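Structural characterization, general
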Amino acid sequence: MPKPGKIAEREASPLVLIYDLLDGHFGDLRWWPAKSPFEVIIGAILTQNTAWVNVEKAIGNLRERHLLSPEALAQLPEEELAELIRPSGYYRLKTRRLKSFLKLLFDRYGGDLGAMFAREAWDLRGELLQVNGIGEETADSILLYAGIKPVFVIDAYTRRIFSRHGIIREGASYGDIQSLVMNVMAPDVRSYNQFHALLVNTAKHFCRKRPACSICPLSVLPGNLVADP
């Protein structure tokens, strides 16, 4: 569990410099794209190992059938659910994961998302990590974007950008990177939301597997900012 966030001196924090450069380039990204907290949860589970465009197709199928509620999805047979989310890939596995989450929601909270999200963030995170198929990134996405809790999400894009700019050492753990961010940035949902979205967009547009460094907004940064953790 990361320590409580703190505001660092702006000139002393390369993370704040990265945030400012990207925020100035992209503006407010308003991520995550969803119409309800439950839809965020569905998307967080379905987006594992697939592109977001495929998740949108699967969620569209559920929306057409008016199934984007815990009650409706819990009553839907697994075979029907699997066919509807087929565009997201690994659809049988993801069906089991969705049903496992719904079991937690109904067994412990009577199907009430409000009651679930009333729990303290890190206690709820521990519960979510006990659900089959929900790892740290998925749990933290649910907490930040559906639960509106100040928990920073680490993904492959974040790791790639931080590694290329010398922010983290090779092999840094999820928890190491998360603590690095949360120890610098104050625990603010909007800032965490925006920073994660900025990093995702930077990786998609510039910091790709074959990077476009010359046109990247981070091209002005020194070659190696810090090696921590």
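Parameters and conventions
- The numbers attached to residues start from 1 for each chain and follow its sequence in the written order.
- The model is predicted, so local features are restricted to residues of pLDDT at least 70 and side-chain atom pairs to those at 80 or more, both for listing and for counting; the totals for chains, interfaces and linings are taken over all residues.
- Think of the side-chain values as coming from all heavy atoms in the structure, minus any hydrogens and water.
- Salt bridges are defined by distance alone: a side-chain nitrogen of Lys or Arg within 4 Å of a carboxyl oxygen of Asp or Glu.
- To qualify as a helix, a DSSP run of H or I must reach at least 4 residues; to qualify as a strand, a run of E must reach at least 2; elements of each kind are numbered from the N terminus.
- For each residue, the accessible area found with a 1.4 Å probe, counting protein chains only, is set against the maximum for its type, and the residue is called buried under 20%, exposed over 50%, and partly exposed in between.

1. Details of the pattern of salt bridges
Across all of its chains, the model carries 11 salt bridges by this definition. Here aspartate 107 ties to lysine 103 by a salt bridge, and the two come within 2.6 Å at their closest N and O atoms. With aspartate 107 and lysine 103 both in helix H6 (residues 91-109), this residue pair falls 4 residues apart, about one helical turn. By relative accessible area, which is 53% here, aspartate 107 ends up exposed. Exposure remark for lysine 103: the relative accessible area of 53% places this residue in the exposed category. Of the charged contacts in the structure, one is a salt bridge between arginine 119 and glutamate 127, with a shortest N-O distance of 2.6 Å. Owing to a relative accessible area of 27%, arginine 119 belongs among the partly exposed residues under this scheme. One salt-bridge network, held together by shared partners, links Arg108, Arg119, Asp123 and Glu127.

2. A closer look at unusual backbone geometry
Residue arginine 30 is not a glycine yet carries a positive backbone phi of 50°. Tracing the backbone shows arginine 30 in the loop between helix H1 (14-26) and helix H2 (37-46). Its identity as a non-glycine residue notwithstanding, isoleucine 148 has a phi of 55°, on the positive side. When you line up the elements, isoleucine 148 lands in the loop between helix H9 (136-146) and helix H10 (156-164). Assessed through its relative accessible area of 55%, isoleucine 148 is described here as exposed.

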